[in-house]
Amino acid sequence: MIIDEKDIFMFVFFPEKLDDEKRKMIESNSSFDEAVDFYNKLKLNSQKELPSSVKKKLAEKIPAYNLPDVILLYPLVEPRSKTQNSSRLAASTKELNPKTTTKTFVDKEKEYLIKVMNYENETKIFVFSTSDEIVKDFELIIEPKSLTFHLADNSEPLTINHTIDAEKIQLKFKDE
């Protein structure tokens, strides 16, 4: 069984919606502890004023209240691992370049979280809503190169056949 980033997100934010077998696997395997801890801290820091569902209802009832159709997400500064040794022995440059890198982006209200995972020859981008919404019909714009991708929803990660270097990400929603 494969546990991916979405499974770990669901484990922390919506454990009741995660398959029991996956939940037990995450609980019993200490290799997931760092990722679980990261999402736990994010969940604790997610103090939202209003959920987006409430904002949508307000926009329907009050014409002067407009929902933003573009949401900016910026990199989240992740603390260095405590197990990482500050001194390094000499090694070839090939060994110093990690094969997998991860960067996390959040918006100001912490309603959306995007995880960009660069592997050796591809990138997977996971889009999460902290209010357990299925995010539908949106564009993902990755800066600085303005790479634009349309997604019908966020049920599957976006896979790109090369690595990317994202500085900020925009979610742009379609007008209904």
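Note that the coordinates shown come from a computational prediction; the quantities given were computed from them, not determined experimentally.

S.K.: Quick question: what am I supposed to make of the sheet that holds strand S7 (residues 158-160) here?
M.R.: Hydrogen bonds between backbone groups are what pair the strands of a sheet, and the pairing can be parallel or antiparallel. With respect to topology, eight strands assemble into an open sheet ordered S6-S5-S8-S1-S2-S3-S4-S7, the strand pairing being antiparallel. Each edge of the sheet is formed by a strand with only one pairing partner; in this case those strands are strand S6 (147-153) and S7. Strand-to-strand twist across the sheet, computed as the mean angle between neighbouring axes with direction ignored, equals 25 degrees. Bridge count for strand S1 (residues 70-75) against strand S8 (residues 168-173) is four bridges, and the pairing is antiparallel. By the bridge assignment for S8, isoleucine 71 is matched with leucine 171. Where helix H1 (residues 5-13) meets the sheet, its contacts fall on strand S3 (112-118) and strand S4 (123-129), and the angle it forms with S4 comes to roughly 20 degrees. Sheet strands in contact with helix H3 (residues 33-45) are strand S2 (101-106), S3 and S4, and its direction is about 155 degrees off that of S3.

S.K.: Would you mind showing me how to read unusual backbone geometry here?
M.R.: Leave glycine aside and you will find that most residues have negative phi; peptide bonds, for their part, are mostly trans. A cis amide bond links glutamate 143 with the next residue in sequence, proline 144, at an omega value of 20 degrees. Structurally, the position occupied by proline 144 is in the loop between strand S5 (136-143) and S6. Look at lysine 110: it is not a glycine, yet its phi comes out positive at around 55 degrees. With respect to the element layout, lysine 110 can be found in the loop between S2 and S3. A positive phi angle is found at aspartate 137, which is not glycine, with a value near 45 degrees.

S.K.: What is the right way to read the packing of aromatic side chains from this model?
M.R.: Going through the model one piece at a time under the given rule, you end up with 10 aromatic pairs. On the numbers, 5.8 Å between centres and 85 degrees between planes, the contact of phenylalanine 9 with tyrosine 39 is edge-to-face. Of this pair, phenylalanine 9 sits in helix H1 while tyrosine 39 sits in helix H3; the two residues are 30 residues apart in sequence, bridging distant segments of the chain. Consider the rings of phenylalanine 38 and tyrosine 39, whose centres lie 5.2 Å apart with planes at 70 degrees: the pair is edge-to-face.

S.K.: Sorry, what's going on with empty space enclosed by the protein here?
M.R.: Gaps left between atoms show up when a probe the size of a water molecule is rolled over them. Overall, the coordinates contain one cavity of 30 Å³ or more when judged by the stated rule. Each pocket or cavity is described by its volume, and for the largest cavity that value is around 40 Å³. Considering each element in turn, the lining of the largest cavity owes the most residues, three residues, to S4. Per-class residue counts for the lining of the largest cavity are four nonpolar, two polar and two charged.

S.K.: Would you explain the pattern of salt bridges in this entry?
M.R.: Inspection of every chain in the model, using the stated rule, returns five salt bridges. In this structure, glutamate 5 and lysine 115 form a salt bridge, with 3.6 Å as the shortest nitrogen-oxygen distance. Pair noted here: glutamate 5 is in helix H1 and lysine 115 is in strand S3, with a separation of 110 residues, a long-range link. The pair glutamate 5 / lysine 115 is uniform in exposure class, with both members buried. Across the salt bridge formed by aspartate 7 and lysine 22, the nearest N and O atoms sit 3.2 Å from each other. With a gap of 15 residues between them, aspartate 7 in helix H1 and lysine 22 in helix H2 (residues 20-28) connect regions that are remote in the sequence.

The rules behind each value
- Residues numbered from 1 in each chain as written.
- Predicted model: local features only at pLDDT ≥ 70, side-chain atom pairs only at ≥ 80, totals over all residues.
- Heavy atoms only, no water.
- Pairing = 2+ DSSP bridges.
- Helix = DSSP H or I, 4+ residues; strand = E, 2+ residues; numbered from the N terminus.
- Axes fitted to C-alpha atoms, helices over the stretch in contact; angles between N-to-C directions.
- Contact = heavy atoms within 4.5 Å.
- Phe/Tyr/Trp six-rings, centres within 6.5 Å; stacked < 30°, edge-to-face > 60°.
- 1 Å grid on protein atoms, 1.4 Å probe; cavity = no way out; pocket = protein on both sides within 12 Å on 5 of 7 lines; lining within 4 Å.
- Points joined across faces, edges and corners; volume = space filled by probe spheres on them.
- Nonpolar A, V, L, I, M, F, W, Y, C, P; charged D, E, K, R; others polar.
- Salt bridge = Lys/Arg side-chain N within 4 Å of Asp/Glu carboxyl O.
- Buried < 20%, exposed > 50% of the residue type's maximum accessible area, 1.4 Å probe, protein only.

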